[in-house]
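Take a look at the letters that make up each chain.
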Amino acid sequence: MIFFLYYLLLLGSSFVISTYGPHQRAQKTGDILLGGLFPIHFGVASKDQDLAARPESTQCVRYNFRGFRWLQAMIFAIDEINNSSTLLPNITLGYRIFDTCNTVSKALEATLSFVAQNKIDSLNLDEFCNCTDHVPSTIAVVGASGSAVSTAVANLLSLFYIPQISYASSSRLLSNKNQYKSFMRTIPTDEYQATAMADIIDYFQWNWVIAVASDDEYGRPGIEKFEKEMEERDICIHLNELISQYFEDHKIKGLVDRIENSTAKVIVAFASGPDIEPLIKEMARRNITDRIWLASEAWASSSLITKPEYLDVVAGTIGLALRAGHIPGFKEFLQQVQPKKYGHNEFVREFWEETFNCYLEDSLRLQDSENGSTSSRPLCSGEEDITSVETPYLDYTHLRISYNVYVAVYSIAQALQDILTCTPGHGLFANNSCADLKKMEAWQVLKQLRHLNYTNSKGEKVHFDESADLAGNYTIINWHRSTEDASVVFEEVGYYNMHARKGARLFIDKSKILWNGYSSEVPFSNCSEDCEPGTRKGIIDSMPTCCFECTECSDGEYSNHKDASVCTKCPNNSWSNGNHTFCFLKEIEFLSWTEPFGIALAIFAVLGVVLTAFVMGVFVRFRNTPIVKATNRELSYLLLFSLICCFSSSLIFIGEPQDWTCRVRQPAFGISFVLCISCILVKTNRVLLVFEAKIPTSLHRKWWGLNLQFLLVFLCTFVQVMICVVWLYNAPPASYRNYDIDEIIFITCNEGSVMALGFLIGYTCLLAAICFFFAFKSRKLPENFTEAKFITFSMLIFFIVWISFIPAYFSTYGKFVSAVEVIAILASSFGLLACIFFNKVYIILFKPSRNTIEEVRCSTAAHAFKVAAKATLKHNTATRKRSSSTGGSSASTPSSSISLKTNNHDCDPTSGQHRIHKPRVSFGSGTVTLSLSFEESRRNSMM
């Protein structure tokens, strides 16, 4: 029973082997068999299957000359290996090659024949039959071309671990080794191609493009990766469409309508030649010639698209092509093809008929033509000269896919060579064993291929990475019009090195590019016009980021190149020009010594110093005169010195602020003014106390001596010094550059603490207020003896100036802050100098007759009389009150008398004789008598 079952399986399997698979094939027997899958046709004829009868196999249409050349490259490589004495000696490689017709169904039909044979070999039926003439197992498959086809084939071959090496399938999905275990390839993955295409768009500064992709496993993953790359570069895709050669006409026309209405001028096509052809055909019919195409490697050199009737549409196309390789002897091999010589290659007959547009005598299509099912053609002998016609088959100038096929075959052969030369104990299999080439299985070849690493005859290293991909680069080509005929010339204009560092991968020679076939100017494909320098891109609501309006840069910002996304802020020390195209250095401003305003303030400060020094010189020169003596000579000197310091301190506010000047100027101003006000305060208060004293005693003279006066001045000034010390220790001022003002940098002083400055000025104003109080109170004292009224006026000026200073200080900025303070210092200093000293200097210099002891003494005696009279009257009133309280006692009371004895001409200003007088003022109070006596010279004239 078991024997019978095996017999039935063998019988059925033999039937499968002999009948299954496409009838048209190229095959050759050998010790080891390789499979091949090539797109000899671009597609299959559309035919509705209503299943009213047994379905017929679909017919392949549109012959692919390049596909046939790829097939020939596999046969040429196998023939070279079989003729080699060093590679697989004494072993013959055979092949079975099928046409996929660029469709999944045809590819799977061919792949099943490979799988079926391998499955039968795994049954070990040698004991039941004589299998000497059976076909060997297919240990590896070269193919397929399209990623969609290879994906379907890989799913099937991976079940049986049959190695598959594709020469043109670049989909990044095929790098998934968990799903496609036995898939390998000699073409770079689309992971890099999508990046390269995005880099090219970015290189030409396009940001508004149309994306078209094949609706299969090649186009969809490729365009998905491309979209991500575009997002990273802020480039927008206006239209994103899928396309297929099997789309109905209305879909193609609708797509062309959208492309025609789009403002994008660049079309990125991630598609195969058969899929993109219907779109280009419709665009050629409408004469849409103002678009630039960016082609993926699948159609960058496709013979389907390089037809003369499409050239107006696709001329100027930029394409990514695979690296070109050189195959010695391949040109001659291609030229030797003839139907009679290649009986084992059934594709040669159809190739001959398509090349010469004829029918061979025994052709099946000739019979169809006679039946009227196909067009009529002349007969051909099969001995025509292939070199006399122009065909893509003989375009061997840039062998790209053909070279990938060549490398794939040699990689399999090298893996077999490694198995053949394997030394036991150094193998890749269990216990480091080696495989037996005579009993070898497909999975063992797959294992050897994964560890393949060799250098071919051209010196190139061949090694599959962990994703079973072969490293490679891209050549960038430009479609030129031929000057001789209407053909396309692929001009190499650059390259893309995917293994270089980012930013150095792309190289393009713009001078070699012809756009639309004739122009050297880069086309414009942006949603909006470029923004000129000085502007930036502004967002438009409900529009992609690539669509923008140009907005002028704000003041203080600039853009120095076209199409700037943002305006760059100028550095702090710079400002933008009127067009906002560059930044210029800001003008540095401070209260300078060279500007008119600074010069004027300096002149006034120096003038104040000179005038004060002049007054001091006058006072020193006439130090023994009554006027100088009466004004408290020593305090006047100190007061004048402090005024010199006040005028001098204003000079520190002029010039470029430095850290040391900022730390010195406010303390110098504050201490100088406090010293000045303290002198005035002490002098005014001393005179007031002396003249208002009812009984001047030695106590007054003791406590209001010169030492005590200087001590009080020191104490008042010391408080201000301590304020300054605390300020400088905790928050020292420093120079500060104010960048907030347009086009100007103000160098000012950062005071460190506004509160400390307030304390400094506040304390000065407090002393001035006290001084004003005493001066106002002493305004009725002898005017020849004190300057109370003038001190009062000076204090009023001081208050007006510094009350006005506070709002002016906080409302100004930059150099004007220093100017306001200098003006306040000078105004208050001049007020003090003028009110206190100018009148005295005038008398000393121009009215010397008033600078006499008589002038001072007369007014002083009169004031003394008034004070004494008030004191006596008060004393008598108090005495009478005490007498009344004793009940009219008859006891005598001490007598009180006031007598003023003087000559009639004592204070007569008209007297012409000089006398010595002794006027006496006596206060009789019983026990106290106060006499003021002095000698004076009679004046000739008194004012």
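Our subject is the structure that appears above.
K.L.:
Talk me through the overall build of the protein chain; I want residue IDs and the actual numbers.
P.N.:
A tally of helices and strands in the protein chain yields 24 helices and 29 strands. Counting across all 943 residues of the protein chain, residues that qualify as buried make up 49%. Taking contacts inside the protein chain between residues at least 6 apart in sequence as the whole, the part at least 24 apart equals 69%. Carbon and sulfur atoms form 56% of the exposed surface of the protein chain, whose accessible area is close to 45800 Å².

K.L.:
I'd love a proper account of a negative patch on the surface, names of residues and values included.
P.N.:
On the surface, a cluster of negative charge is contributed by Glu390, Asp395, Glu484 and Asp485. Looking at the element boundaries, Glu484 is found in the loop between β16 (474-481) and β17 (488-496). Overall, the relative accessible area of 76% leaves Glu484 in the exposed class.

K.L.:
Provide a residue-level description of helix α4 (residues 147-157), including the pertinent values.
P.N.:
Extensive coverage of α4 is indicated by the burial of 10 of its 11 residues. When α4 is considered as a whole, its buried residues turn out to be Ser147, Ala148, Val149, Ser150, Thr151, Ala152, Val153, Ala154, Leu156 and Leu157.

K.L.:
Summarise the packing of aromatic side chains; cite the residues concerned and give the values.
P.N.:
Tallying each qualifying case throughout the model produces 32 aromatic pairs. With 5.4 Å between their ring centres and 35° between their planes, Phe68 and Tyr393 make a pair best called tilted. You can see Phe68 sitting in helix α2 (residues 65-82) and its partner Tyr393 sitting in the loop between α12 (364-370) and α13 (401-420), a full 325 residues away along the chain. The exposure classification of Phe68 matches that of Tyr393, with both residues buried. Among the aromatic residues, ring-to-ring pairing joins Phe76, Phe330, Phe333, Tyr403, Tyr406 and Tyr410 into one connected group. Lys251 extends its terminal NZ or CZ atom over the ring of Phe247, reaching a point 5.0 Å from the ring centre.

K.L.:
Give me the packing of helix α15 (residues 596-621) against helix α17 (residues 633-651): which residues, what numbers.
P.N.:
When two helices pack together, their arrangement is captured by the angle between the axes and the distance separating the axes. In contact at an axis separation of 8 Å, α15 and α17 are set at 165° when each is read in the N-to-C sense. Comparing the axis directions of α15 and α17 gives the class roughly antiparallel. Read as a crossing pair, α15 and α17 show a hand that is left-handed. Contacts from Ala602, Ala605, Gly608, Val609, Thr612, Ala613, Val615, Met616, Phe619 and Val620 of α15 reach α17 at Ser636, Tyr637, Leu640, Phe641, Leu643, Ile644, Phe647, Ser648, Ser650 and Leu651. For the contact of α15 with α17, the residue count by class is 15 nonpolar, 5 polar and no charged.

K.L.:
Describe helix α5 (residues 190-203), with residues and values.
P.N.:
Over its 14 residues, α5 extends 19 Å from the first C-alpha to the last, a length consistent with the 20 Å expected when each residue adds 1.5 Å. Within α5, 10 of the 14 residues are buried, which leaves the element mostly enclosed by the surrounding structure. Within the span of α5, buried status applies to Asp190, Gln193, Ala194, Thr195, Ala196, Met197, Ala198, Asp199, Ile200 and Ile201.

K.L.:
With reference to specific residues and values, describe the sheet that holds strand β6 (residues 138-142).
P.N.:
If you walk across this open sheet you meet the 6 strands as β1-β5-β2-β6-β7-β8, and the pairing is mixed. Edge positions in the sheet fall to β1 (25-28) and β8 (183-185), since each has one partner strand and no second. Strand after strand, the sheet turns through a mean of 20° between neighbouring axes, direction not considered. Of the pairings in the sheet, the one linking strand β2 (residues 32-38) to β6 comprises 4 bridges and is parallel in character. Across the sheet, the residue bridging to Leu33 is Thr138, located in β6.

K.L.:
Any details on the side chain of Gln164? Residues and values, ideally.
P.N.:
With respect to the element layout, Gln164 can be found in strand β7 (residues 164-166). With residues up to four places along the chain from it excluded, the contact list for Gln164 reads Val141, Gly143, Ala144, Ser150, Val153, Ala154, Leu157, Ser182, Phe183 and Met184.

K.L.:
Go over the sheet that holds strand β12 (residues 292-295), please, and point to the residues and values.
P.N.:
What the 8 strands build is an open sheet, ordered β10-β9-β11-β12-β13-β16-β17-β18; its pairing is mixed. Looking at strand neighbours, the two that pair on one side only are β10 (236-243) and β18 (506-508), the edges of this open sheet. Sheet twist, expressed as the mean angle between neighbouring strand axes with direction ignored, is 30°. In terms of strand pairing, β17 meets β18 through 3 bridges, oriented antiparallel. Counterpart to Tyr496 in the pairing with β18 is Leu506. On top of the sheet, helix α7 (residues 249-261) reaches β9 (208-214), β10 and β11 (266-270); it is set at about 170° to β10, its chief contact. Of the strands in this sheet, β9, β10, β11 and β12 are in contact with helix α8 (residues 273-286), which crosses β12 at around 175°.

K.L.:
Report on the environment of Ser214, specifying residues and quantitative values.
P.N.:
Among the structural elements, Ser214 can be located in strand β9. Its relative accessible area of 0% is what places Ser214 among the buried residues. For Ser214 and Ala271, which are 57 residues apart along the polypeptide, the C-alpha to C-alpha distance reads 4.6 Å. Reaching out from Ser214, the side chain makes a polar contact with the backbone nitrogen of Ser272 at a distance of 3.2 Å.

Rules used throughout
- Residues numbered from 1 in each chain as written.
- Predicted model: local features only at pLDDT ≥ 70, side-chain atom pairs only at ≥ 80, totals over all residues.
- Heavy atoms only, no water.
- Helix = DSSP H or I, 4+ residues; strand = E, 2+ residues; numbered from the N terminus.
- Buried < 20%, exposed > 50% of the residue type's maximum accessible area, 1.4 Å probe, protein only.
- Contact = heavy atoms within 4.5 Å.
- Areas by Shrake-Rupley, 256 points an atom, 1.4 Å probe, with all protein chains shown as cover.
- Patch = residues over 30% accessible without salt bridge, like charges linked within 9 Å, V, L, I, M, F, W, Y side chains within 5 Å.
- Salt bridge = Lys/Arg side-chain N within 4 Å of Asp/Glu carboxyl O.
- Lys, Arg positive; Asp, Glu negative; His and termini not counted.
- Charge placed at Lys NZ, Arg CZ, Asp CG, Glu CD.
- Phe/Tyr/Trp six-rings, centres within 6.5 Å; stacked < 30°, edge-to-face > 60°.
- Lys NZ or Arg CZ within 6 Å of the ring centre and 35° of its normal.
- Axes fitted to C-alpha atoms, helices over the stretch in contact; angles between N-to-C directions.
- Parallel < 35°, antiparallel > 145°, perpendicular 65-115°, else oblique.
- Left-handed = near helix turned anticlockwise from the far one by under 90°.
- Nonpolar A, V, L, I, M, F, W, Y, C, P; charged D, E, K, R; others polar.
- Expected span 1.5 Å × (residues − 1).
- Pairing = 2+ DSSP bridges.
- Polar contact = N/O pair within 3.5 Å; in protein donor to acceptor, adjacent residues only side chain to side chain.

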